[in-house]
There are 4 protein chains.
Amino acid sequence: MKHLPDRLLDGYHAFMGGRYASESDRYRALAKEGQEPQTMVIACCDSRAAPETIFDCGPGELFVMRNVANLVPPYEPDGRHHATSAALEYAVQSLKVKHIVVLGHGRCGGIGAALNPAAEPLAPGDFIGQWMGLVSPAADAVSGNTMMTSGERQTALERISIRFSIGNLRTFPYIAEREQNGGLSLHGAWFDISTGELWAMNHDTGDFERPDVD
Amino acid sequence: MKHLPDRLLDGYHAFMGGRYASESDRYRALAKEGQEPQTMVIACCDSRAAPETIFDCGPGELFVMRNVANLVPPYEPDGRHHATSAALEYAVQSLKVKHIVVLGHGRCGGIGAALNPAAEPLAPGDFIGQWMGLVSPAADAVSGNTMMTSGERQTALERISIRFSIGNLRTFPYIAEREQNGGLSLHGAWFDISTGELWAMNHDTGDFERPDVD
Amino acid sequence: MKHLPDRLLDGYHAFMGGRYASESDRYRALAKEGQEPQTMVIACCDSRAAPETIFDCGPGELFVMRNVANLVPPYEPDGRHHATSAALEYAVQSLKVKHIVVLGHGRCGGIGAALNPAAEPLAPGDFIGQWMGLVSPAADAVSGNTMMTSGERQTALERISIRFSIGNLRTFPYIAEREQNGGLSLHGAWFDISTGELWAMNHDTGDFERPDVD
Amino acid sequence: MKHLPDRLLDGYHAFMGGRYASESDRYRALAKEGQEPQTMVIACCDSRAAPETIFDCGPGELFVMRNVANLVPPYEPDGRHHATSAALEYAVQSLKVKHIVVLGHGRCGGIGAALNPAAEPLAPGDFIGQWMGLVSPAADAVSGNTMMTSGERQTALERISIRFSIGNLRTFPYIAEREQNGGLSLHGAWFDISTGELWAMNHDTGDFERPDVD
């Protein structure tokens, strides 16, 4: 058996012959001097919504946490393992990023699962059910509106979840503090896979708007 | 205040004029038909190690979980929120990926923190300390070996951690089962930021080897 | 006092010197032969959403009913005066239009009034309250979701109302019959005043989509 | 099936490439600041008599109610749905328009139906018969005058109806009050489809006169 899937080996060789070949100095400098990304992105695992692709960013630019449905749980310092909170702590306290962007997207499978819970969990541990339970109050409120189409409910919860995650970011004391003193900005964005449109959350109203229409 | 950082807006416009313009059919099909990635990658948040870049992959190819130091915790069905376990459950049970790749990299800040615990945590909740605690037995063993250089200890723990995460993947019953019946392969890889070299874990020995030197 | 507002007299003279001058043959033919519009549009009174402007249509093309919030009440043959039902009857039974389009738009004042009923009606008769009462069940359902922003609730009800009106069109026996035998199509559309975008209702799902992205 | 008729999609694209392209700032301002039309027009649904065309008005200028034969029913606060009264209430009480124009036109199908009632209604509910019943006393009086030609009777009733609607406007207490204190003017106009001539109602005599012949 090959030690890596063929597609990945092929892709790696394309990277070495292309991007790395033309950016090797940048990689070497980034290795030597360490990373200093200005922006952390909290994105979904979805294969269609990679932040480096959508924002056309190169090595060193984005510190990226990805989980199902780009959720931020509330601050919960209980001595347990918290993947998302650990990434936030590292980005804000060690790397001192200036921006955190919660990047959601259309047709999100996690959000779909929250809106249409299966009769049976995907597996006995029901990790997806537990994880998406973070937004179950919002999912219930949206699901109850049967006058909206299924697609409209999906988009609504995707956007509510982004605002919810931004709200949870502010429950971390050091994030709230740095936001207040101007050292850190929190942003929301929603990517439409089909059209490629990016919608940015208006900081004042919470609405999602096309940035080129500001 | 702008609703998104300037760099990201500029990058997005480059994406729309470039990649999206030339791949819009693919995006539309992926939106309509849903994602069917063959591979899940568990990668680090590090801004220098984006898997889509290293493997030169486009939309729809990689389902990507990213956390600090690309760690997989052991199977722990306790009814709590587990970001990483939820992503695994979704990838394996819903998307039925055929490969899971744990992708580590050199100069990993999380691994460095595990080897050189600060006198004080980054923040009172110490989420990084708790998270990296997953590999603290290995970190202690490596730290104790003062005949290895600091750089060697770092690389050693980076690679031990990848094998540790692959071991934890097998504590998930459905992953173990699908690996045994041949439907799923587990892989490790380690990326050298400075040289761009990719080292693949040998399935039999656990050693990391240059794939083009096989 | 002038017998017509100055602005309208000026505009009329521009029309006579411009459009009428170049289309007088068409006007004369339309006068002589009568109108044969293919399409009826049910639109809002809003000054920013004239269907002839949005669809760039000339004389003879669109038979246009306009009321507050482009609502169609249900079929109610009670021997009273029904402005909207009379227009429908004339368009379908006498003019035999082939399409009926319910055209809604963003920032609709009527929809806003339904979502945020004033403490006091606009006037003792409360005609707006009574009229918008047609969609009050939907307005209540949408208003209850406080996790959506005010702007999102507004858009949601605007789109629900269009589907509601299309549903009511089908309560008219002759409309249902002609739709079934293929002689008449019912459509929904929503116009974004700010961006100029037109969203068409998908006949199958009820979702609103950009027509150029089909 | 297309989600909108081809003619409308083509027209919309012409609008976006033409009028919207050159007036996008105006649309954005109108979206942001809301509409403040000075004038409400009560017009007929007829495809040949769009007020924006006849008065060459752009977005934001005219608040337009359209029904069959541009009729205003009398004030009837009975707790039922009244499309026309709701539009009046909104225009006068909320938008505070300064002018209301009742715009009739030649060869009006609704007026023709009032003068020549069919042996059978257009449809069982007879909404057209009920609606045009608003002017049936006038229609009966005109019909009885067999010394006028058919064309003269049609024009006569079209103009009588405009005065009748203006009279009904004054049965709305807030319209009468605002007209008396000078905040609101009521106007009548009649458009000749064939010649393009506009005739304005003389406020003092009720006669219809060519404004450019004053």
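Only a predicted model underlies this, so the values are computations on that prediction, with no experimental measurement involved. For every chain, the first residue of the written sequence is number 1, and numbering continues from 1 onward in sequence order. Each chain gets a letter, beginning with A, and each ligand a number, beginning with 1, in the order they are written. Side-chain atom pairs in this predicted model are given and counted only at pLDDT of 80 or more, local residue features only at pLDDT of at least 70, and totals for whole chains, interfaces and linings cover all residues. Just so you know, side-chain values use all the structure's heavy atoms and leave hydrogens and water out.

Peer 1: Please clarify how the packing of helix α3 (residues 83–94) of chain B against helix α8 (residues 173–180) of chain B should be interpreted in this entry.
Peer 2: How two helices sit against one another is set out by the angle between their axes and by the gap between those axes. All names here are of chain B. With axes taken as lines fitted to C-alpha atoms, and helix axes fitted only over the stretch in contact, angles between N-to-C directions fall between 0 and 180 degrees. Helix and strand definitions follow DSSP, with helices as H or I runs of at least four residues and strands as E runs of at least two, each counted in order from the N terminus. Closest axis-to-axis distance for the α3/α8 pair is 10 Å, and the angle between their directions is 40°. On the basis of the axis angle, α3 is oblique to α8. Note that α3 runs across α8; the crossing there is left-handed. Residue-level inspection shows Leu 88, Glu 89, Val 92 and Gln 93 of α3 in contact with α8, the latter providing Tyr 174, Ile 175 and Arg 178. Gly is placed with the polar residues, together with every amino acid not listed as nonpolar (Ala, Val, Leu, Ile, Met, Phe, Trp, Tyr, Cys and Pro) or charged (Asp, Glu, Lys and Arg). The class makeup of the residues in the contact of α3 with α8 is four nonpolar, one polar and two charged. In this scheme, roughly parallel covers angles under 35 degrees and roughly antiparallel covers those over 145, while 65 to 115 is roughly perpendicular and the rest are oblique. Helix crossings are classified by the rotation of the near helix relative to the far one: an anticlockwise turn of less than a right angle makes the crossing left-handed, while a clockwise turn makes it right-handed. Here, two residues are considered to be in contact whenever any of their heavy atoms come within 4.5 Å of each other.

Peer 1: I keep staring at the UniProt feature "binding site: Zn(2+)" (unreviewed entry) in chain A and nothing clicks. Help me out?
Peer 2: Residues and elements named next belong to chain A. Under the UniProt annotation, "binding site: Zn(2+)" (unreviewed entry) lies at Cys 44, Asp 46, His 105 and Cys 108. These annotated residues cover 65 residues of sequence, and their C-alpha atoms lie no more than 8.8 Å from one another, placing them together at a single site. Remark: exposure states derive from per-residue accessible area (1.4 Å probe, protein chains only) relative to the maximum for the residue type, with buried under 20%, exposed over 50%, and partly exposed in between. The buried category is assigned to Cys 108, whose relative accessible area is 4%. UniProt positions are given in the numbering used here, feature names are shortened, and annotations may be inferred rather than shown by experiment.

Peer 1: Please clarify how the relation of the copies chain B and chain A should be interpreted in this entry.
Peer 2: A rotation about an axis combined with a shift along that same axis relates the two copies of the chain. Only residues with pLDDT of at least 70 in both copies contribute their C-alpha atoms to the least-squares superposition of the copies. Superposing chain B onto chain A takes a rotation of 180° plus a shift of 0.0 Å along the axis, which leaves an RMSD of 0.1 Å. Taken together, the rotation and translation relating the two chain copies correspond to the operation of a two-fold axis. When each C-alpha of chain B is compared by its distance to the rotation axis, Arg 66 of chain B comes out closest, at 2.4 Å. Both copies contact each other with a shared surface, as 100% of the interface residues of chain B are interface residues in chain A too.

Peer 1: How should I be thinking about the pairing of strand β2 (residues 62–67) of chain D in this particular structure?
Peer 2: Each regular strand carries side chains that alternate between the two faces of the sheet. Residue and element names in this part refer to chain D. Most of β2 is tucked away, with six of its six residues classed as buried. Burial of β2 is two-sided: the residues Leu 62, Val 64 and Arg 66 facing one way and the residues Phe 63, Met 65 and Asn 67 facing the other way are all buried. Here a strand pair is declared whenever DSSP counts at least two bridges between the two strands. When strand β1 (residues 39–44) meets β2, the two strands line up parallel, connected through six bridges. Of the residues in β2, the one forming a bridge with Cys 44 is Asn 67.

Peer 1: Got a minute to help me understand the interface of chain D and chain C in this structure?
Peer 2: Interfaces are often described in size by the accessible area the parts lose on coming together. Taken together, the contact pairs 99 residues of chain D with 99 residues of chain C. By buried area we mean the combined loss of accessible area, with a 1.4 Å probe, across both parts when two parts are placed together. On the chain D side of the contact with chain C, His 3, His 81 and Phe 127 of chain D bury the most area, a combined 10% of that side's loss. A pairing counts as a salt bridge when a side-chain nitrogen of Lys or Arg comes within 4 Å of a carboxyl oxygen of Asp or Glu. Inspection of the region where chain D meets chain C yields eight salt bridges. We define a polar contact as two N or O atoms separated by no more than 3.5 Å, with the added condition that, inside protein, one atom must be a possible hydrogen donor and the other a possible acceptor, whereas residues neighbouring each other in sequence contribute only through side-chain atom pairs. Remark: the boundary between chain D and chain C carries 41 residue pairs in polar contact (both at pLDDT 80 or more). Tallied by class, residues from the side of chain D that touches chain C come to 48 nonpolar, 30 polar and 21 charged.

Peer 1: Help me out: how do you make sense of empty space enclosed by the protein in this one?
Peer 2: Taking a probe equal in size to a water molecule and rolling it over the atoms shows the remaining empty space. Think of a 1 Å grid over the protein atoms and nothing else: a 1.4 Å probe that fits but is trapped marks a cavity, an open set flanked by protein within 12 Å on at least five of seven lines marks a pocket, and residues with an atom within 4 Å of a point count as lining. Grid points are joined across faces, edges and corners, and a volume is the space filled by probe spheres set on the points. Within the structure shown, the criterion is met by 12 cavities of 30 Å³ or more. As a volume, the largest cavity reaches approximately 70 Å³. Surrounding the largest cavity, Tyr 27, Glu 52, Cys 57, Gly 58, Pro 59 and Leu 62 of chain C together with Ser 47, Arg 48, Ala 49, Ala 50, Thr 53 and Ile 54 of chain D form its lining. Residue classes in the lining of the largest cavity are distributed as seven nonpolar, three polar and two charged.

Peer 1: Would you take a moment to explain helix α8 (residues 173–180) of chain A for this structure?
Peer 2: Those residues of α8 of chain A that fall on the buried side of the exposure criterion are Tyr 174, Ile 175, Ala 176 and Arg 178 of chain A. In this structure, the buried residues of α8 of chain A make contact with α3 (83–94), β3 (99–105), α7 (150–169) and β4 (185–191) of chain A together with α5 (127–132) of chain B.

Peer 1: For this particular structure, what's the right way to read the nonpolar core?
Peer 2: Across soluble globular proteins, nonpolar side chains have a tendency to be buried as a group. Among the nonpolar cores identified, the biggest contains 194 residues, and Ile 100 of chain A, Ile 100 of chain B, Ile 100 of chain C together with Ile 100 of chain D are the most heavily contacted of them. When residues of this core are assigned to their parent elements, the largest contribution, eight residues, is made by helix α3 (residues 83–95) of chain D. Think of a nonpolar core as a cluster: buried Ala, Val, Leu, Ile, Met, Phe, Trp, Tyr and Cys residues, connected wherever their side-chain atoms sit within 4.5 Å.

Peer 1: Help me out: how do you make sense of helix α8 (residues 173–180) of chain C in this one?
Peer 2: Helical geometry: 3.6 residues make up each α-helical turn, so side chains three or four residues apart lie on a common side. On its buried side, α8 of chain C packs onto α3 (83–94), β3 (99–105), α7 (150–169) and β4 (185–191) of chain C together with α5 (127–132) of chain D. One or two steps after α8 of chain C, the chain reaches Gly 182 of chain C, where phi turns positive at roughly 85°.

Peer 1: Any chance you could explain the packing of aromatic side chains here in plain terms?
Peer 2: Within a pair of aromatic rings, the relevant descriptors are the distance that separates the centres and the angle that separates the planes. Within 6.5 Å between ring centres, the rings of Phe, Tyr and Trp (the latter by its six-membered ring) count as paired, and their orientation is classed by plane angle as stacked under 30 degrees, edge-to-face over 60, tilted in between. Throughout the structure, instances matching the rule amount to 44 aromatic pairs over all chains. Their ring planes at 65° and their centres at 6.2 Å tell us that Phe 172 of chain C and Tyr 174 of chain C sit as a pair that is edge-to-face. When sorted by exposure, Phe 172 of chain C lands in the same class as Tyr 174 of chain C, which is buried. An aromatic cluster is built from Tyr 12, Phe 15, Tyr 20 and Tyr 27 of chain A together with Phe 191 of chain B, whose rings are joined through pairwise contacts.

Peer 1: Whenever I open this one, the pairing of β4 of chain C confuses me. Can you help?
Peer 2: Residues and elements named next belong to chain C. Within β4, seven of the seven residues are buried, leaving the element largely enclosed by the surrounding structure. Judged by which residues are buried, β4 turns out to be covered on both faces: Ser 185, His 187, Ala 189 and Phe 191 on one side and Leu 186, Gly 188 and Trp 190 on the other are all buried. With seven bridges joining them, β3 and β4 adopt parallel strand pairing. Directly across from Val 101, in β4, lies its bridge partner His 187. Of the strand pairs in this sheet, β4 and strand β5 (residues 198–201) are connected by three bridges, and their pairing is antiparallel. Pairing of Phe 191 across the sheet is with Leu 198, part of β5. Taking the residues between adjacent antiparallel strands as the criterion, β4 and β5 are bridged by six residues, where Gly 196 takes a positive phi near 75°.

Peer 1: How should I be thinking about the domain arrangement of chain A in this particular structure?
Peer 2: Residues and elements named next belong to chain A. For the domains described, the bounds stem from an automatic or database domain assignment. The domain boundaries assigned to chain A delineate domain 1 (1–34) and domain 2 (35–213). Distance between the C-alpha centres of domain 1 and domain 2: 28 Å. Taken residue by residue, the interface counts seven residues in domain 1 and seven residues in domain 2. Of the roughly 470 Å² buried where domain 1 meets domain 2, counting both sides, 57% is carbon and sulfur surface. Contact with domain 2 buries area across many residues of domain 1, yet Arg 26, Leu 30 and Gly 34 alone supply 67% of it, more than any other trio. Between Arg 26 and Glu 61 there is a salt bridge whose closest N-O contact spans 3.9 Å. Seen at the junction of domain 1 and domain 2, the total is one residue pair in polar contact (both at pLDDT 80 or more). In terms of residue class, the side of domain 1 that touches domain 2 is made up of two nonpolar, one polar and four charged.

Peer 1: It is not clear to me how unusual backbone geometry should be interpreted in this structure. Could you clarify?
Peer 2: Apart from glycine, the bulk of residues carry a negative phi angle, and the bulk of peptide bonds sit in the trans form. Residue and element names in this part refer to chain D. A positive phi angle, near 55°, is found at Lys 96, a position not held by glycine. By the secondary structure assignment, Lys 96 is in the loop between α3 and β3 (99–105). Even without a glycine there, the phi angle at Asp 126 is positive, about 50°. Residue Asp 126 is classed as partly exposed on the basis of its relative accessible area of 22%.

Peer 1: Hey, could you run me through the pattern of salt bridges in this one?
Peer 2: Pairing between side chains of opposite charge can happen when their charged atoms approach one another. By the definition in use, this model includes 44 salt bridges over all chains. A salt bridge links Asp 46 of chain B to Arg 48 of chain B; its shortest N-O distance comes to 2.9 Å. A relative accessible area of 4% places Arg 48 of chain B in the buried class. For the salt bridge of Glu 52 of chain D with Arg 66 of chain C, the shortest nitrogen-to-oxygen distance reads 2.8 Å.

Peer 1: Looking at this model, I keep getting lost on the interface of chain B and chain A. Mind explaining?
Peer 2: In this complex, chain B contributes 99 residues to the contact, which on the side of chain A involves 99 residues. Between chain B and chain A the total buried area reaches about 8400 Å² when both faces are included, carbon and sulfur atoms providing 64% of it. Area buried by chain B at its contact with chain A is led by His 3, His 81 and Phe 127 of chain B, which between them contribute 10% of it. For the pair chain B and chain A, the interface holds eight salt bridges. In this structure, the salt-bridge partner of Arg 80 of chain A is Glu 76 of chain B, at a minimum N-O distance of 3.7 Å. Here the side of chain B that touches chain A gets 16 residues from one element, more than from any other, and that element is helix α1 (residues 6–33) of chain B. Considering only residue class, the side of chain B that touches chain A consists of 48 nonpolar, 30 polar and 21 charged.

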